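Architecture at a glance
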Amino acid sequence: MAKVTYGAQSFSLDRRRLWLVSAAMHYPRVPRGLWRDRIRAAKQAGFNCIETYVFWNAHEPEPGVFDFTDNLDVRRFVEIVAEEGMFCWFRPGPYVCAEWDNGGLPPWLHRVKLDRRSGPMRLREGSGPFLSAVSRYYSAVMEQVADLQVTRPMAQGRPAASPARNAPGTAAGGFAGQGAGPIVLIQVENEWFSRNDEQEEAYHQQLIRLLREAGAEVPLTVCNQLWQPVDGTVHTWNASANLPADLRQLAAVQPDAPRLVSEYWTGWFDHWGGKHADTVDAEKHFYRMAGVLAAGAQPNLYMFHGGTNFGFTGGRTVGGPSMFMTTSYDYDAPLLEAGGRGAKYDLTKRIATFASQFGGVFAHLEPATHTVAVAPDEGEHPASVIHQRGGRGGVTFIVRSPKDKQKQTTLLLPNGLSLPVPLGDLRAVWLLTDTPLSGGVTLDYTNLSPLAWVDDRMLVLYGPAGAGGLVSLDGAQVEVTVPTGKTPKVELVNGVTLLVLSPAMADAGYAHPDGWVVGVRGLDEADGPQPRKGWATRTLVAPDGGVTKTKQSVTRRPAAPSLGPWRVADCDAYLDGSAEGYTAAKGPAAFEHLGRQYDYGYGWARLRLPESAAAKAVKAISPGSGDRLHVYRGAKFERLIGLSFGGNDLAPAPLRPAGELVVLIDNLGRFNYGPCVGERKGLLDHFYAVEPVRLPKPERLAQQAPDPFALAGYVPDHRRNDARPAEAWTWRVKPAGRRPMVLELDGLPHDAVVKVNGEPVAMWHHHGSGGFRRFVLDPADDGPFTGGQNELELALFAPADEPPTKPADAGVRLWQTTANLTAKAEWAYSPWSPPADDAFAPRPRKSDPRKPTAKPLDQPTWYRTSFRVPGTRCPLFFDADGLSKGQLYLNGRNVGRYFVQTRDGQDVPPQRRYYLPEPWLDATGDNTLTLFDEHGFSPHRSSLVYDELGPYG
């Protein structure tokens, strides 16, 4: 049986060193029919490894019920990785973050029945019920892929992997070989940013044990930024900027293991109401990726291809009360949401191709050769030169800030030779010295950047157009001039073919089964060159120097399909409370407790209150409920409580506690990151009438910082036993009539433990709570809050010597409930789902108020239309112009949320176009598009658009 080991620089498979250049993509975010296309796009960009998370809540929708079919067939995804000759870095969590709902944790964890012996369900720590659920999940996942590890031959009858094309003659450059599985690394847990040594044994070592027992044989990695040591794993790093420094520090802390960047962030995610995250442009990305390699580290580009948050899978993150993920997970990644390739892809291809093709050089570097260098700086230092050497030669990187305008520099080589290096406008340049190439050839030095060594006889290099190049092979120096047009330079030197390219040619160049082709935008599934805009001729250079030119033309984009007439289905039966789906309930309930049908998206609630002609509207809250409550009375819209994205609607809202209320409850996505992972959704509490309590000036006490681990084993951004000077604020409060009180924190600048009568009851995270949180203090509960005098304390993690913060400025508010408005209500719930096909009216009558017009109906409405496509080769998008917020379906598949404007017509950026994946389209007949619009806005201005560049093209 094969074995994967590692040393200070690289991993080894049966003593053959590996160098991983990894591209992240998530199989559930890419339609199954496009998996191979996206994987091949990574391979064509030079990557030799695919990294993916595994999403527990997608695979186990109910306890013990697993789904590995269709888009969740993770085994088939990994098999395709193998078939394309690539490694796989497998990351099964159980928590994954990934801007995915609940960070991948299943909502049903909240409805697991517990007994006294099992203890409570505590997520992401050594809780018996949680570990028991993880054990079942690990076993199911590893049953799918255990035999796809590089340590095992693939099962008989399974497709065998083909070696990577045009890889250099070392295992570092490509896949391990035919017959073996591709999984080379497995990550355990994810971003556990806390220090609690008790949990190292109680949680992390238990996860390791469970994974090993389930069949994991390859090395295990963790990525917790060194917060928590985890014995038996390789620590990795997550970041975007400052990586050369961080990775040197990682080497100092972990000198006996390779440096891996488990997530080098190529861009960032988008959230509703925010600006499209495009701050990491192509040149900056190129510079940063060069910095990773200059530090002698193996990168994983998160994301190389982001894909789409289909259905209700988008999560919620920290940084504000409304940080909910858009449907597009484009991530401003090199490979765009619909598969388009832009400038960031081209620059990625240059450096990834070099890193994998010459992986043997990197894998044999000596980590101790890190020398003092000018620190790379994206805005200040003009240039930094970083050199490393090892058993397969030396590599030098020159990385430059935008301020460096020099076009050429001169390096002094170890042998005393002065080497002029053309820089042009390149932000990063790399050089090789004393590098033995397969075939018995040694590259002594060159002042051009190598890209590939093809078929043991063709060296591909590139540099600034028009620059003078120097190449020394086996002691013979050759001078070449980098071409300026669109025809590459070919030189034959002592049996070696030199292929010299300009940056434009490098971007338009790809490894090809017959050599190297220039002037294309990629290769199709049969390795056929695809024409590139602006290149009327493509050039194929064979390893022996033979040149073949072929005329080509780019196929014009077809005209976008037209949408047919819209049909309409109402929600009247739900709005008036008569729908058969309503089921009686005892009172408020979290979605997670109502069952699988309520785990994601929307749900209906019906509250029948006693009629009272004297009942007036009062200011009310339902603590912790949300994210958006659409309240209807008599089937007419009355109020939106929660997040409108047009302002702060978290304050108490007017509500008349009489008659029948129907609430459309909108779950916009659970926290995927931070301390609130595992939050519950739905109508979690009664509606209470409230009045503000004027807090007196608090008593301020200097004390040691509180112990947050009294509340949980995992507390982000905190270390156990970290007793430092801090301060506390205390108040004396007494509830009126023994009724609940609500503590509201919004913008408190420091973490704090909420204490009642000296007992910790909750934790406030100023960064991780979303910027707003309510804590219910109820004398009727079993907690320490009483109906008499209580001491309310905020034990802050704020140094006592900091300037004092005023509680009012910090958003500390207290509400006294004056009445439980829904205590006597008859409660009922109904799942939300698309209507039956026959519910859609063929065509609204002129007198029908649901006729599609520009005027919104002010009630949730379903729309349906059909269209035909001439083919499924060009990416198609739905432009939701004129709609408000809702859900989009294509041929019965849930494409995802759309959100383009609020109820009052305010624009909600950044996404207006929504990807309709090619495999989900039918080129032979009608395609059905179904919309659910929360406010009944008309789709008459919506349209279909072809665009390779995606929703932000």
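See above for the structure.
Quick look at the structure, then. Each residue is numbered by its place in its chain's sequence as written, counting from 1. pLDDT decides what is reported in this predicted model: residues at 70 or higher carry local features, side-chain atom pairs at 80 or more are listed and counted, and totals for whole chains, interfaces and linings draw on all residues regardless. The side-chain quantities take in all heavy atoms of the structure and omit both hydrogens and water.

Let us now look at the overall build of the protein chain. Only runs of H or I of at least four residues qualify as helices and only runs of E of at least two qualify as strands under DSSP, and these elements are numbered from the N terminus. When you go through the protein chain residue by residue, the secondary structure sums to 12 helices and 57 strands. Within the protein chain, contacts between residues separated by at least 24 positions form 74% of all contacts whose residues are at least 6 apart in sequence. Averaged over its 101 positive side-chain charges, the protein chain has a centre that lies 3 Å from the centre of its 104 negative ones. Contacts are assigned to residue pairs with any non-hydrogen atoms lying within 4.5 Å of each other. Counted as positive: Lys and Arg. Counted as negative: Asp and Glu, with His and the chain ends omitted from the count. Positions of charges follow a simple convention, taking NZ of Lys, CZ of Arg, CG of Asp or CD of Glu.

Here the focus is the side chain of histidine 765. Among the secondary structure elements, histidine 765 is positioned in the loop between strand E46 (759–764) and strand E47 (773–777). Residues within four places of histidine 765 in sequence aside, it is in contact with Pro675, Val715, Pro716 and Asp751.

Aromatic rings from Phe, Tyr and Trp, taking only the six-membered ring of Trp, are treated as a pair when their centres fall within 6.5 Å; an angle between ring planes under 30 degrees marks them as stacked, one over 60 as edge-to-face, and anything in between as tilted. Per the counting criterion, the structure on display carries 53 aromatic pairs. Aromatic side chains phenylalanine 591 and tyrosine 598 sit 6.0 Å apart centroid to centroid with 35° between the ring planes, which places their arrangement in the tilted category. Over the ring of tyrosine 329 we find arginine 29; its NZ or CZ atom is 3.7 Å from the centre of that ring. A positively charged side chain is recorded as over a ring if its NZ (Lys) or CZ (Arg) lies within 6 Å of the ring centre. The angle to the ring normal must also be within 35 degrees.

A separate point is the environment of tryptophan 764. Inspection of the secondary structure puts tryptophan 764 in strand E46. In this structure the C-alpha to C-alpha distance between tryptophan 764 and aspartate 746, which are 18 residues apart in sequence, comes to 9.7 Å. From its side chain, tryptophan 764 meets the backbone oxygen of histidine 750 in a polar contact 3.2 Å long. Counted as a polar contact is a pair of N or O atoms within 3.5 Å, where, for protein atoms, one must be capable of donating a hydrogen and the other of accepting one, and residues adjacent in sequence contribute only when both atoms are in side chains.

Any pair of cysteine sulfurs within 2.5 Å is marked as a disulfide. Applying the stated criterion across every chain, the model contains zero disulfides. Here cysteine 223 stays free of any disulfide, with the sulfur of cysteine 97 as its closest cysteine sulfur at 9.4 Å.

With that out of the way, let us pick up the pattern of salt bridges. Counted as salt bridges are all cases of a side-chain nitrogen of Lys or Arg within 4 Å of a carboxyl oxygen of Asp or Glu. This model, assessed by the stated rule, comprises 57 salt bridges. For arginine 111, the salt bridge is made with aspartate 599, and the minimal N-O distance between the two is 2.9 Å. Of this pair, arginine 111 sits in the loop between strand E6 (87–91) and helix H4 (128–145) while aspartate 599 sits in the loop between helix H12 (591–594) and strand E34 (602–609), placing them 488 residues apart in sequence. By relative accessible area, which is 22% here, arginine 111 ends up partly exposed. We classify aspartate 599 as buried; its relative accessible area is 2%. Residue arginine 195 pairs with aspartate 197 through a salt bridge whose shortest N-O separation is 2.7 Å. A simple rule labels every residue: compare its accessible area, found with a 1.4 Å probe on the protein chains alone, to the largest value its type can have, and call it buried under 20%, exposed over 50%, or partly exposed in between. Residue classification places aspartate 197 among the partly exposed positions, given a relative accessible area of 46%. Salt bridges sharing partners connect three or more residues here, namely Arg36, Arg40, Lys43, Arg75, Arg76, Glu79, Glu83, Glu84, Asp147 and Asp527.

Attention now moves to the packing of helix H7 (residues 282–294) against helix H8 (residues 343–357). Note on method: axes are straight lines fitted to C-alpha atoms, helices fitted across the in-contact stretch only, with angles between N-to-C directions ranging 0 to 180 degrees. H8 packs onto H7 with a crossing angle of 15° between their chain directions and a minimal axis gap of 9 Å. By the angle class used here, H7 and H8 are roughly parallel. The element H7 and its partner H8 pack so that their crossing is right-handed. Across from Ala282, Glu283, His285, Phe286, Met289, Ala290 and Leu293 in H7, the residues of H8 making contact are Ala343, Lys344, Leu347, Thr348, Arg350, Ile351, Ala352 and Ala355. Throughout this description, any angle smaller than 35 degrees is read as roughly parallel, any larger than 145 degrees as roughly antiparallel, any in the 65 to 115 degree range as roughly perpendicular, and the remainder as oblique. Two helices cross in a left-handed way if the nearer one is turned anticlockwise from the farther one by less than a right angle. They cross in a right-handed way if the turn is clockwise.

Take the sheet that holds strand E11 (residues 260–265) next. Being paired, for any two strands, means DSSP has found at least two bridges between them. With parallel pairing, nine strands are arranged side by side in an open sheet as E9-E8-E7-E6-E5-E4-E12-E11-E10. Of all strands in the sheet, those with a lone pairing partner are strand E9 (234–235) and strand E10 (237–239), marking the two edges.

Our focus in this paragraph is the pairing of strand E7 (residues 183–187). Successive residues of a regular strand alternate their side chains across the two faces of the sheet. With five of five residues buried, E7 is to be regarded as a mostly interior element. In the sheet, E6 pairs with E7 via three bridges, with the strands oriented parallel. Its bridge partner being in E7, phenylalanine 90 is matched across the sheet by isoleucine 186. Both E7 and strand E8 (residues 220–222) contribute to a ladder of two bridges, which runs parallel. When the bridges of E8 are listed, glutamine 187 appears paired with threonine 221.

For H4, which comprises 18 residues, the first-to-last C-alpha distance of 26 Å matches the rise-based estimate of 26 Å (1.5 Å per residue) to within 8%. Buried residues along H4 sit against helix H2 (56–59), helix H3 (74–83), E6, E7 and helix H5 (197–213). Helix span is expected to be 1.5 Å times the residue number reduced by one.

None of the figures reported here should be taken as evidence of function without further support.
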